[in-house]
Amino acid sequence: MSDLEREQAQQRAARITAFREELDELRREQVLQLSEAQEQAVTAHHRQLLTHYRQTLDIDADARARQLSLGMRLASLFGALALAAGLFFLFYQFWGLFDVAAQVAILLGSSLGSLLLCFWLQARDTSGYYAKLAAVLAFVCFVLNLSMLGQIFNITPSDKALLPWGALALLLAYQCRQRLLLVVALLCFGLFVAARLGDWGGWHWWSLGERPELFMPLTALLLVPQWLDQRRYAGFAACYRVVGLLYLLGPVLVLSYWGGGSYLDWSTGWIEAFYQTLGFVLAGLTIWLGIRRGWGEVVNTGLVFALIMLFAKLFDWWWQLLPRYLFFLLLGLIAVLLLVMLQRWRRSAPGGAQ
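None of the values given here were measured: they were computed from a predicted structure. (Residues numbered from 1 in each chain as written. Predicted model: local features only at pLDDT ≥ 70, side-chain atom pairs only at ≥ 80, totals over all residues. Heavy atoms only, no water.)

Chemist: In this structure, what is going on with the UniProt feature "coiled-coil region" (unreviewed entry) in the protein chain? I would like to understand it.
Modeler: In this numbering, the UniProt entry assigns the feature "coiled-coil region" (unreviewed entry) to residues 9–40. Across residues 9–40, helical content stands at 78% and strand content at 0%; the span's end C-alpha atoms are separated by 22 Å. (UniProt positions renumbered as here; feature names shortened; annotations may be inferred. Helix = DSSP H or I, 4+ residues; strand = E, 2+ residues; numbered from the N terminus.)

Written out as structure tokens, the structure reads:
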């Protein structure tokens, strides 16, 4: 079973549900009437198809199954985070009771054991929830492994640890179809690249947060789904796009109010004005690109960023000048105007309501 087959089966099940609902509407409106034999044949075929999909591909065949599946995903996520936190504090609670040899053995054993457990569950768990939970545990064990081995042998902390952390997170993300670990991998690689760029520029890697522009080259993550086909991995392309946009829009937002962190050899006021203008331009381009390509996550990211920039600017202009009630009334009015503008934009788009 591949995730591509499962995704296609899930889409087929959604189309079957929509077909049934539309057929009921057409029957009530007396537009279409199937014969009893035709309706029984269609119903039997759909029932057989959905049963086959449930048994072989473990899909959500109805609304109840989709709701339960969402609950299982949330339980898997929170369970993984809780177990990871528990494992972390367990190590530190009893760590001093063991000698160096036992500490090293525990670290290596927990890392290898959790990784093998993840692969074992991934081969047997058709739903994928337990394998994803084990993947997060395996990653946490590996992070603890490197961190605590460094403490045991008094190794100077280095940004190079981000590379193996990111590599394992990426491996587990693709092996178990875990989007959380994909985001973690992209953050690890992003921090490593920014740290290296800062080091080449004469900054210590620990001070990379003082130069937000170091993260901007990582916007190239937007291109990964164009270079490498991600259709087999549901949601992965969206993760690349959103994280790539955050590496661009985040520094722009920071520098629009903290010009002293820029490499530009301008006055602080000019730098902040430049990045504020650039922020609104990039927000508009992001929304336009998302609508043109049909990338809902890109549209939402651009809208959220535009609203943050807009309301931050309005706060600068009017918070000290206007009474509080008038300030919030104006914000509400602006929000309504934005809603009207977006509604008209949606209607004028191809395929929108006329």
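The structure having been displayed, the exposition proceeds.
Chemist: Before we go on, may I ask you to explain the packing of aromatic side chains in this structure?
Modeler: Remark: the centre distance and the inter-plane angle together describe each pair of aromatic rings, the angle taken between the planes. Under the counting rule described, the total for this entry stands at 11 aromatic pairs. Here the aromatic rings of W319 and F328 are separated by 6.0 Å at their centres, their planes lie at 85 degrees, and the arrangement is edge-to-face. When the ring of F327 is compared with that of F328, the centres are 5.3 Å apart and the planes differ by 80 degrees; the resulting orientation is edge-to-face. Grouping aromatic residues by their ring pairs yields a cluster made of F315, W319, F327 and F328. Its end group placed over the ring of Y263, R211 keeps NZ or CZ at 4.8 Å from the ring centre. Cation over ring: R241 sits above W295, and NZ or CZ is 4.0 Å from the ring centre. (Phe/Tyr/Trp six-rings, centres within 6.5 Å; stacked < 30°, edge-to-face > 60°. Lys NZ or Arg CZ within 6 Å of the ring centre and 35° of its normal.)

Chemist: Please clarify how helix 4 (residues 100–124) should be interpreted in this entry.
Modeler: Because each turn of an α-helix spans 3.6 residues, side chains separated by three or four positions in sequence point in the same direction. In this model, helix 4 (25 residues) spans 36 Å end to end at C-alpha, consistent with the 36 Å of a helix rising 1.5 Å per residue. Among the residues of helix 4, those classed as buried are Q103, L107, S110, S111, S114, C118 and L121. (Expected span 1.5 Å × (residues − 1). Buried < 20%, exposed > 50% of the residue type's maximum accessible area, 1.4 Å probe, protein only.)

Chemist: Would you mind going over the confidence of the model for the protein chain with me for this structure?
Modeler: Do not read the fine detail of predicted coordinates wherever pLDDT is low. Here the protein chain averages 84 in pLDDT, and 91% of its residues register 70 or above. Mean pLDDT per element in the protein chain: helix 3 (residues 63–94) is the minimum at 72, and helix 9 (residues 236–255) is the maximum at 94. (pLDDT = per-residue confidence, 0-100.)

Chemist: Where do I start with the environment of D265 in this structure?
Modeler: As for its position among the elements, D265 is in the loop between helix 9 and helix 10 (268–293). Counting along the chain gives 147 residues from D265 to C118, while the straight-line C-alpha distance between them is 51 Å.

Chemist: Explain the pattern of salt bridges here, please?
Modeler: Oppositely charged side chains may form a pair once their charged atoms are brought near each other. Taken as a whole and judged by the stated rule, the model has 6 salt bridges. A salt bridge links R27 to E39, with the shortest nitrogen-to-oxygen separation between them at 3.0 Å. Remark: E39 occurs in helix 2 (residues 36–57) and R27 occurs in helix 1 (residues 3–28); sequence separation between them is 12 residues. Judged by relative accessible area, E39 falls into the partly exposed class, the value being 30%. (Salt bridge = Lys/Arg side-chain N within 4 Å of Asp/Glu carboxyl O.)

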